[in-house]
Structure formats: structure tokens, C-alpha cells
Amino acid sequence: MLENIIFIFIGLLGLFFGGDWLVTGASRLARYFGISALIVGLTIVAFGTSAPELLVSVDAALRGSSDLAVGNIVGSNISNIGLILGMTALVFPVAVRASLIRREIPLMVAATLLTTFLAFWGASINRVDGIILFIGLIAFNIYMVVLTRRESKTEAFQEEEEEYEESGEKTILPEERLRELGRLLLGLIVLVIGARLTVDGAVNIARTIGVSEIAIGVTLVAVGTSLPELATSLVASFRKQNDIAIGNIVGSNIFNLLMILGITAIIRPIPISDRVLDFDILVMLAFSFALIPITITARQISRLEASLMLGGYIAFTFVAILI
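What counts and what doesn't
Residues numbered from 1 in each chain as written. Predicted model: local features only at pLDDT ≥ 70, side-chain atom pairs only at ≥ 80, totals over all residues. Heavy atoms only, no water. Helix = DSSP H or I, 4+ residues; strand = E, 2+ residues; numbered from the N terminus. Buried < 20%, exposed > 50% of the residue type's maximum accessible area, 1.4 Å probe, protein only. Contact = heavy atoms within 4.5 Å. Areas by Shrake-Rupley, 256 points an atom, 1.4 Å probe, with all protein chains shown as cover. Salt bridge = Lys/Arg side-chain N within 4 Å of Asp/Glu carboxyl O. Core = buried A, V, L, I, M, F, W, Y, C linked by side-chain atoms within 4.5 Å. Axes fitted to C-alpha atoms, helices over the stretch in contact; angles between N-to-C directions. Parallel < 35°, antiparallel > 145°, perpendicular 65-115°, else oblique. Nonpolar A, V, L, I, M, F, W, Y, C, P; charged D, E, K, R; others polar. Phe/Tyr/Trp six-rings, centres within 6.5 Å; stacked < 30°, edge-to-face > 60°. Expected span 1.5 Å × (residues − 1). Bend = angle between axes of the 7 residues up to and from the residue. Left-handed = near helix turned anticlockwise from the far one by under 90°.

**Student:** Explain the overall build of the protein to me, using residue names and the numbers behind them.
**Tutor:** If you tally the helices and strands in the protein, you get 12 helices and 4 strands. Across the 323 residues of the protein, 56% fall into the buried class. Considering only contacts within the protein whose residues lie at least 6 apart along the sequence, 87% involve residues at least 24 apart. When the accessible surface of the protein is summed, it comes to about 13,800 Å², and 69% of that surface belongs to carbon and sulfur atoms.

**Student:** Provide a residue-level description of the pattern of salt bridges, including the pertinent values.
**Tutor:** Inspection of every chain in the model, using the stated rule, returns 3 salt bridges. We note a salt bridge from arginine 179 to glutamate 180, for which the minimum N-O separation is 2.8 Å. Residue arginine 179 is classed as partly exposed on the basis of its relative accessible area, which comes to 44%. Residue arginine 183 pairs with glutamate 180 through a salt bridge whose shortest N-O separation is 2.9 Å. On the criterion of helical spacing, the pair formed by arginine 183 and glutamate 180 is a turn pair, its members being 3 residues apart in helix H8 (residues 177-208). Judged by relative accessible area, glutamate 180 falls into the buried class, the value being 0%. Within the structure, one salt-bridge network assembled from shared partners comprises Arg179, Glu180 and Arg183.

**Student:** Outline the nonpolar core, listing residues and values.
**Tutor:** Grouped together as the largest cluster of nonpolar side chains are 60 residues, with contacts concentrated most on Ile78, Ile125, Ile246, Ile272, Ile281, Ile301 and Phe316. When residues of this core are traced back to their parent elements, those giving at least two are helix H2 (37-49), helix H4 (66-91), helix H5 (98-122), helix H6 (127-151), helix H9 (213-238), helix H10 (242-267), helix H11 (274-296) and helix H12 (303-322). In terms of residue count, the dominant contributor to this core is H10 (11 residues). Setting aside residues up to four positions removed in sequence, isoleucine 78 forms contacts with Leu83, Asp280, Val283, Met284, Phe287, Tyr313 and Phe316.

**Student:** Residue-level account of the packing of H4 against H10, with values.
**Tutor:** At their nearest, the axes of H4 and H10 sit 10 Å apart, and the two run at 175 degrees to each other. Regarding the angle of H4 to H10, the classification is roughly antiparallel. Listed contacts from H10 to Ile73, Ser76, Asn77, Asn80, Ile81, Ile84 and Leu85 of H4 are Ile246, Ile249, Ser252, Asn253, Asn256, Leu257, Ile260 and Leu261. In terms of residue class, the contact of H4 with H10 is made up of 9 nonpolar, 6 polar and no charged.

**Student:** Tell me what's going on with unusual backbone geometry, and back it up with residues and numbers.
**Tutor:** Despite not being glycine, alanine 123 has its phi angle at roughly 55 degrees, a positive value. Inspection of the secondary structure puts alanine 123 in the loop between H5 and strand E2 (124-125). Judged by its relative accessible area of 33%, alanine 123 is partly exposed.

**Student:** Account for the packing of aromatic side chains, with residues named and values stated.
**Tutor:** Within the structure shown, the criterion is met by 4 aromatic pairs. Taking the centre distance of 5.7 Å and the plane angle of 20 degrees together, the rings of phenylalanine 279 and phenylalanine 316 count as stacked. Of this pair, phenylalanine 279 sits in helix H11 while phenylalanine 316 sits in helix H12, placing them 37 residues apart in sequence. Of the two residues examined, phenylalanine 279 and phenylalanine 316, each falls in the buried class.

**Student:** Account for H4, with residues named and values stated.
**Tutor:** For H4, built from 26 residues, the straight-helix expectation of 38 Å at 1.5 Å per residue is met to within 8% by its first-to-last C-alpha distance of 35 Å. Along H4, the sharpest change in direction is near 40 degrees and occurs at serine 79. For H4, a buried count of 22 out of 26 residues is recorded, marking the element as mostly surrounded by other parts of the structure.

**Student:** Before we move on, could you go through the environment of alanine 265 and cite the residues and values that matter?
**Tutor:** Position of alanine 265 relative to the elements: it lies in helix H10. Judged by its relative accessible area of 0%, alanine 265 is buried. The spacing of alanine 265 and alanine 61 is 204 residues in sequence and 8.3 Å in space, taken between C-alpha atoms. Leaving out residues up to four positions away in the same chain, alanine 265 has contacts with Ile125, Asn126, Arg127, Gly130 and Ile270.

**Student:** Kindly report on the packing of H4 against H12, identifying the contributing residues and their values.
**Tutor:** Running from amino to carboxyl end, H4 crosses H12 at an angle of 145 degrees, the nearest separation of the two axes being 8 Å. Crossing handedness for the pair H4 and H12: left-handed. For the pair H4 and H12, the contacting residues are Ile78, Ser79, Ile81, Gly82, Leu83, Leu85, Gly86, Met87, Ala89, Leu90 and Val91 in the first and Arg303, Ala306, Ser307, Met309, Leu310, Tyr313 and Phe316 in the second. Tallied by class, residues from the contact of H4 with H12 come to 13 nonpolar, 4 polar and 1 charged.

**Student:** Explain the side chain of asparagine 253 to me, and be specific about the residues and the numbers.
**Tutor:** For asparagine 253, the location among the structural elements is in helix H10. Residue asparagine 253 is classed as buried on the basis of its relative accessible area, which comes to 0%. Not counting residues up to four positions away in its chain, the partners in contact with asparagine 253 are Ser76, Asn77, Asn80, Ile81 and Met108.

Structural data, given as C-alpha cells:
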């Protein structure tokens, strides 16, 4: 038990420092290359912080633990919105850019609807389903590349430049590019290691006290693999880089479904249990849809809305463990 507690403590330290290095390196490189911070949050940062979910789900699927594999993905998407975005906005209210409400959040909801449909269609995510999801990931990234070229010419990007200057961050020099790239990569590596240590410690403790595998998947493992998102979004919000803070969450949810679930199913088809179909996936769908009215109101996630999100997540956790 003591060994697992030490793992969790070291893992949390890794998540804190890794999140700081990742956000700093990504935001500075984005500014240097003229890329919108929102695009960086939706792609590079989201991919990096989703790495623990990929490792855990593929490993679980290969071991035949399908409940843990799918529970980790579904639970991570729920915790990203209810727990992580809720905690981030509770500490620092998060401003939401209009373009995110019009484009990326609906894309996240669409990915969630597609996954829900595929799961209910055959009570599993087979290899064909996995290929469909992965094609969706390719389409999303192509869309982001096209969007990047357009964003640099818009007034929104100029506004973002002004916000960046007000945050006190300095534009890096050409000779500093490798240093910032190294900071970003080191941050990703430390995040993955920190998440793995935290998850292993938490799962071992949970199994010692007799908690079911699916409950572990949608709660402890999901929260553990989502800790990089929490660290990244909190650091980004503290630095007043709201686009990375919320873009990381929305992008991570898209990557979780299209990339992680897609790749995992291609490697090994994943049967979906009745418990996941009847409860967990529907809760994920509800949280995804709830993000639309929350972000539309005043284009900011207030502390009151954050409290409601957290309350909903706490309620989900209690029910998930009890049923």
C-alpha cells in the first residue's frame, strides 16, 4: 500500500511539472511559427495529453480487459468536461472564443454521437468501426491544417496576439526554437510517466479493496489518465492562455474517441458491456451536449457553471461505483 501511495505522489509531481513544460513550449513555438494557440491546444497539446489514455487502453485491450479499455476512454471524456474543465473554470473562469463554439465543440459532439452509434450498433467497436473512427481523425487533422492557414489572416488571430502580449510572454528567438521544442517533448514524456505511475498506484489500491474493473476504468483510471489534461489546462488558465486551456479539453475528447478508441479497436475489437451501453456512454453524451449551452452563455465558463459541472461529475462517480 505504501509503495502505491509513493507512486501516486511521484506521478502527481510529474504531471505538474510536465504540464508546465508542455504548455510553455507549445505556446512559445506557436507564437514563433504564427500558429493560433487554439489550434495548438486542439492538436499538439491534445495529442500529447491523450497519450496516457492510448497506452492504458491498448495495454488493457491486449490483456483482454475490454471493460478497462473502453471504460478508460469513456470515463476520460466525462472527467475532461465534468472534473477537469469544471475545476479549471472554478479556479480561473475560462473565456471561450466564438470560433470554438461554432466549430470545434460541435465536432466533439459529432464524434461522440458517431461513437455512441457504433457502440450500440453491434454492442462492440470492431476493426471496421475502428477504421471509421481513425478516418475521422485524419479528416479532423486535415481540417485543422487548413484552418491554421486561414486563422493567421483573421482579426481573431490578431486579437489573440494582443492577448498573448498582455500575458507577459516574450516571443522566442530563432536560436531558441530547439530549446522550446525540447521543453515541449520533455513535458510530454514526463506527463506520460507521471500518469502511468499515478494510474498504477490508484488501480492497485482499488483492486486491493475490491472495486470492479469497469468502475476502476471509468473513475480511477479515467481520472488518472486525464491528469495531464488537468495539469495542462490549469497551467494554461493560470497563464491566461484560455485557448490552450479549453482547446486541450475539446481536442483531447476528439482524440480519445477517434484516435485512441479507433487504434485500440483496430488492434483488437472491443466488446461493449451492457453496463457501459446503458449508463456510461449515455453520461458521456450528456456531458458533451451540456458543454454547448454552458459555453454559449456570455462566452465564458463561470464559477457557477463550473460548480454544476463538478457536481454532475461527483454524482456520476458515486453512481458508477455503486452500480
